[in-house]
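The residues making up each chain are set out below.
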Amino acid sequence: MMINVDDVKTFTGINPQHLKLDSNDETKLNEILNEWISQSESLIKSYTHNQFQPEVPGAVKNVCLRLTANMVALAIERRDTPRTKVTDWTIKVSSSDIFTEDLKEDLEPYIKEHSNKSDRVEFFAITGEDI
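Every chain is numbered independently, its residues counted from 1 as its sequence is written. The model is predicted, so local features are restricted to residues of pLDDT at least 70 and side-chain atom pairs to those at 80 or more, both for listing and for counting; the totals for chains, interfaces and linings are taken over all residues. Heavy atoms throughout the structure, all of them, feed into the side-chain values; hydrogens and water do not.

A. Highlighting the nonpolar core. We call a set of buried residues a nonpolar core when its members are Ala, Val, Leu, Ile, Met, Phe, Trp, Tyr or Cys and they connect through side-chain atoms within 4.5 Å of each other. Categorising residues by exposure relies on relative accessible area from a 1.4 Å probe, with only protein chains included: less than 20% of the type maximum marks a residue as buried, more than 50% marks it as exposed, and the intermediate range marks it as partly exposed. Core analysis: the largest hydrophobic core is formed by 29 residues, its most contacted members being Met-2, Leu-19, Leu-33, Trp-36 and Ile-44. Elements with a contribution of two residues or more to this core: α1 (5–12), α2 (26–48), α3 (58–80) and α4 (101–107). Strands are runs of DSSP state E lasting at least 2 residues, helices are runs of H or I lasting at least 4, and numbering of each runs from the N terminus. Among the elements that make up this core, the one with the highest residue count is α3 (10 residues).

Next up, the structure:
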């Protein structure tokens, strides 16, 4: 894994009560956070077309931590109040955008070009005869 559960807990300050779990249910919280870390890693690898072998750069670990923290924040926000009252006449749902542009910009140096399109190849025969 790029990061671990303790990294996320330290960065976000999350505890079981934030996700409406029993106050001492660290096991369930750890399961949830491990799943979100796995999803973050998958999004990063899919976006960059990079498996980061043999070692994950620190900048990519940082993006994974921030991406997972965005998942935590969204989950807490959605559990507390799924809708935001903007004015008396306007109510909007919380944005589910967790893989933000700033995270994508930080991953730009690690993107591996990936294309299924083949390039055109031309061959010329050299016979030594003037035509």
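B. Layout of the packing of aromatic side chains. Between the rings of Phe, Tyr and Trp (Trp by its six-membered ring), a pair exists once the centres lie within 6.5 Å; its type follows the angle of the planes, with under 30 degrees stacked, over 60 edge-to-face, and the other angles tilted. Here the structure, examined in full by the defined rule, presents 2 aromatic pairs. On the numbers, 5.4 Å between centres and 75° between planes, the contact of Tyr-47 with Phe-99 is edge-to-face. One end of the pair, Tyr-47, is in helix α2; the other, Phe-99, is in the loop between β2 (91–93) and α4, with 52 residues separating them in the sequence. Assessed through its relative accessible area of 26%, Tyr-47 is described here as partly exposed. Cation placement over rings: the criterion is NZ of Lys or CZ of Arg within 6 Å of the ring centroid and within 35° of the ring normal. One residue, Lys-104, lies across the ring of Phe-99, its end atom 5.4 Å from the ring centre.

C. Region of the structure containing α1. The set of residues buried in α1 consists of Val-5, Val-8 and Lys-9. Buried residues of α1 fall within an arc of 100° about the axis and therefore sit on the same side. Opposite the buried face of α1, by more than 90 degrees, sit the exposed residues Asp-6 and Thr-10. The backbone nitrogen of Asp-6 has a side-chain oxygen 3.0 Å away, supplied by the residue at the start of α1, namely Asn-4. Of the residues one or two after α1, Gly-13 is the one with positive phi, at around 75°. In this description, one arc is meant: the one made by directions from the helix axis to the C-beta atoms. Identification of polar contacts relies on pairs of N or O atoms within 3.5 Å, with a donor-acceptor requirement for protein atoms, meaning one able to donate a hydrogen and the other able to accept it, and with residues adjacent in sequence counted only if both atoms are side-chain atoms.

D. How the structure looks around the packing of α1 against α2. Between α1 and α2, whose axes approach to 9 Å, the crossing angle comes to 100°. The angle between the axes of α1 and α2 places the two elements in the roughly perpendicular class. On α2, the residues that touch Val-5, Val-8 and Lys-9 of α1 are Glu-26, Leu-29, Asn-30, Leu-33, Asn-34 and Ile-37. Gly is placed with the polar residues, together with every amino acid not listed as nonpolar (Ala, Val, Leu, Ile, Met, Phe, Trp, Tyr, Cys and Pro) or charged (Asp, Glu, Lys and Arg). The residue makeup of the contact of α1 with α2, split by class, is 5 nonpolar, 2 polar and 2 charged. To get an axis, a line is fitted to the C-alpha atoms, and for a helix only the part in contact is used. The angle between two axes follows their N-to-C directions and goes from 0 to 180 degrees. Oblique is the label for any angle not under 35 degrees, not over 145, and not in the 65 to 115 range, which are roughly parallel, roughly antiparallel and roughly perpendicular in turn. Residue contacts follow a heavy-atom distance rule, with two residues in contact if any of their heavy atoms lie within 4.5 Å.

E. Quick look at α2. Take the number of residues in a helix, subtract one, and multiply by 1.5 Å to get its expected span. Taking 1.5 Å per residue, 23 residues should reach 33 Å; α2 reaches 32 Å between its end C-alpha atoms and fits that length. For α2, every residue scored as buried is listed here: Leu-29, Ile-32, Leu-33, Trp-36, Ile-37, Ser-40, Glu-41, Ile-44 and Thr-48. Immediately beyond the C-terminal end of α2, within one or two residues, lies His-49, with a positive phi of roughly 55°.

F. Region of interest: the pattern of salt bridges. Each reported salt bridge corresponds to a side-chain nitrogen of Lys or Arg within 4 Å of a carboxyl oxygen of Asp or Glu. A complete count under the given rule lists 5 salt bridges for this structure. One salt bridge in this structure joins Glu-31 and Lys-28, with 4.0 Å as the shortest N-O distance. With a gap of 3 residues between them, Glu-31 and Lys-28 both fall in helix α2, about one helical turn apart. Relative accessible area serves as the criterion here: at 46%, Glu-31 is assigned to the partly exposed category.

Purely geometric stuff here, so don't read any function into it on its own.
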